[in-house]
Amino acid sequence: MGTLLVTGGAGFIGSNFVHHVIGNTDHSVIVLDKLTYAGNAASLAGLPEDRVRLVEGDIADATLVDDLFGQVDAVVHYAAESHNDNSLHDPRPFLDTNIVGTYTLLEAARKHDRRFHHISTDEVYGDLELDDPARFTENTPYNPSSPYSSTKAGSDLLVRAWVRSFGVKATISNCSNNYGPYQHVEKFIPRQITNVLRGIRPKLYGKGENVRDWIHADDHSSAVLTILDKGVIGETYLIGADGEKDNKTVVELILSITGQPADAYDHVTDRPGHDMRYAIDSTKLRTELGWTPRYQDFEAGLKATIDWYRDNEAWWTPAKDGVEAFYASKGQ
Ligand code: NAD
Ligand code: TDX
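Note that the structure is predicted; figures quoted are calculated from it, not measured.

The rules behind these values
Residues numbered from 1 in each chain as written. Chains lettered and ligands numbered in written order. Predicted model: local features only at pLDDT ≥ 70, side-chain atom pairs only at ≥ 80, totals over all residues. Heavy atoms only, no water. Helix = DSSP H or I, 4+ residues; strand = E, 2+ residues; numbered from the N terminus. Rg over C-alpha atoms; globule rule 2.2 N^0.38 Å. Contact = heavy atoms within 4.5 Å. Lys, Arg positive; Asp, Glu negative; His and termini not counted. Charge placed at Lys NZ, Arg CZ, Asp CG, Glu CD. Phe/Tyr/Trp six-rings, centres within 6.5 Å; stacked < 30°, edge-to-face > 60°. Buried < 20%, exposed > 50% of the residue type's maximum accessible area, 1.4 Å probe, protein only. Lys NZ or Arg CZ within 6 Å of the ring centre and 35° of its normal. Near = heavy atom within 4 Å. Polar contact = N/O pair within 3.5 Å; in protein donor to acceptor, adjacent residues only side chain to side chain. Nonpolar A, V, L, I, M, F, W, Y, C, P; charged D, E, K, R; others polar. Expected span 1.5 Å × (residues − 1). Bend = angle between axes of the 7 residues up to and from the residue. UniProt positions renumbered as here; feature names shortened; annotations may be inferred.

Q: Now, about the overall build of the chain: what can you tell me, with residues and values included?
A: A count of helices and strands for the chain gives 11 helices and 13 strands. Here the chain has a C-alpha radius of gyration of 19 Å; the compact-globule value for 332 residues is 20 Å, and the two agree. Taken along its principal axes, the extent of the C-alpha atoms in the chain is 55 × 45 × 40 Å. For the chain, contacts bridging at least 24 residues in sequence account for 81% of all contacts bridging at least 6. With 32 positive and 48 negative side-chain charges, the chain shows a separation of 1 Å between the mean positions of the two kinds.

Q: Give me the packing of aromatic side chains: which residues, what numbers.
A: With the rule as written, the count across this model stands at 14 aromatic pairs. Geometrically, the ring pair formed by Tyr179 and Phe298 is edge-to-face, given 5.1 Å between the ring centres and 70° between the ring planes. Taken together, the residues Tyr179 in strand β7 (residues 178-179) and Phe298 in helix α10 (residues 298-311) connect sequence positions 119 residues apart. Judged on exposure class, the residue Tyr179 and its partner Phe298 are both buried. Here the basic side chain of Arg110 rests over the ring of Phe166, its NZ or CZ set 3.6 Å away from the ring centre. Above the face of the Tyr237 ring, Lys284 is positioned so that its terminal group lies 4.8 Å from the ring centre.

Q: So what's going on with the site of ligand 2? Residues and values would help.
A: In the vicinity of ligand 2 lie 22 residues, with Thr121, Glu123, Tyr148, Arg271 and His274 positioned nearest. Tyr205 places a main-chain nitrogen or oxygen 2.8 Å from an oxygen atom of ligand 2. Take Arg212: an N or O atom from its side chain is 2.7 Å from an oxygen atom of ligand 2. Of all the secondary-structure elements, those providing two or more residues to the shell around ligand 2 are α6 (188-198) and β8 (203-205). In the shell around ligand 2, the residues fall into six nonpolar, nine polar and seven charged.

Q: I'd love a proper account of helix α7 (residues 217-230), names of residues and values included.
A: In a regular helix each residue adds 1.5 Å, so 14 residues correspond to 20 Å; α7 covers 20 Å between its end C-alpha atoms and thus fits that length. For α7, the buried fraction is high: 12 of the 14 residues fall into the buried class. For α7, every residue scored as buried is listed here: Ala217, Asp218, Asp219, His220, Ser221, Ser222, Ala223, Val224, Leu225, Thr226, Ile227 and Leu228.

Q: Which residues make up the environment of Glu56, and what values do they have?
A: Mapped onto the fold, Glu56 is located in strand β3 (residues 52-56). Once the C-alpha coordinates of Glu56 and Ile189 are considered, the two residues, 133 residues apart in sequence, prove to be 28 Å apart. Non-local contacts of Glu56, meaning those with residues more than four positions away in its chain, are made with Asp33, Lys34 and Leu35.

Q: Please set out the side chain of Thr258 residue by residue, giving values where relevant.
A: Tracing the chain through its elements places Thr258 in the loop between α8 (247-257) and β13 (266-268). If we skip the residues at most four places from it in the chain, Thr258 touches Val196, Ile306 and Arg310.

Q: Tell me about helix α4 (residues 92-112), and name the residues and values.
A: Note that an α-helix has 3.6 residues per turn; residues three or four places apart therefore point the same way. For α4, with 21 residues, the first-to-last C-alpha span of 29 Å sits near the 30 Å given by 1.5 Å per residue. If you look at α4, its biggest bend is around 25°, right at Gly101. Residues of α4 that are buried make contact with β1 (3-7), α2 (62-69), β4 (74-77), α3 (84-89), β5 (115-121) and α5 (147-166). Downstream of α4 by a residue or two, Asp113 has a phi angle that is positive, lying close to 55°.

Q: Can you lay out the UniProt feature "domain: NAD(P)-binding" (unreviewed entry) in the chain for me, pointing to particular residues and giving the numbers?
A: Feature annotation in UniProt places "domain: NAD(P)-binding" (unreviewed entry) on residues 5-303, given in this structure's numbering. Here residues 5-303 is 39% helix and 17% strand, with 32 Å between the C-alpha atoms at its ends.

Given below as structure tokens:
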């Protein structure tokens, strides 16, 4: 039993992690979150106040970070600017948070000698062709495409350097695309679900051939806890659940689950530099640390996610109009 500092714990995957930790361990949690447009204190509602404390602040604030590191046993670092489309519009916050913010945390981990787990993404590896038999492994060379993924790649390299140069006790995980409750409506799956719930046609970039490797956010959480518990310092672990699907298939599934005609969607302007395919080989995590995902049935997980958005309209309504206006201004 101990106290975890969870950066970005009011965001999508971070809040799912906090719920998972409270439900499955005896740990307490301090969440450090700037509550940007992507952070929402309501995602932590209902959690026990004696075990979860939200501190509103910036991971690049060295004084605040220093104080919080002194209060915890380990740190799990989710905070990031996370949306590719935003990074194409205004890259600067991605550098400030993903690079300078991670640097600030690493310096505190070094000073306080705290166990540090860095959350990253499969996008650091670039993309694969649709017919490529290969998947990403821990040995795939870095080749990021967007301002978002290049700043995540940079943050991963900082972590590796702080392990080697300063002996920081860090691990890294690179996960595939997450879905589940509490995901911001700017992202693909919640955008299309909430479009359908509002009577708006889903919007597919380009031809919809791009493939993403979907994992439920709760499985991501269990993998991170496994790495915190059993991971080897300095190692990187890829997290994935063999969930490759092209975007068109996902939109058609959402339409079919919600009782709409399968072709009731629009093709819109493609994302510049759009990565074609991501695919994760998570053999190392499964064989060396014994992790397995629980949500093997994507359609069942998607159905539960649709139900969550239907039941929690008050959580997503405030962001919806602004997001759609932003996309409309880009022909998307
Ligand atoms: P998100 O955008 O939903 O949440 C990010 C959170 O970080 C928000 O609560 C935001 O307020 C907070 N934040 C942003 N800048 C901050 C700052 N300077 N200081 C403190 N808090 C700040 O993102 P997400 O989808 O939950 O992603 C979380 C992490 O997981 C990111 O590191 C991302 O790269 C990684 N990841 C995401 C996916 C995915 O599918 N979404 C897949 C793999 C890895
Ligand atoms: O309206 C849309 N229509 C559409 O076709 C949107 C928002 C997206 N797309 C496509 C683009 C991608 O091929 O859907 C796919 C998924 O898009 P996003 O949800 O924006 O995710 P992606 O760009 O794949 O990145 C996500 O996974 C890796 C997360 O946002 C990142 O934080 C994570 O690192």
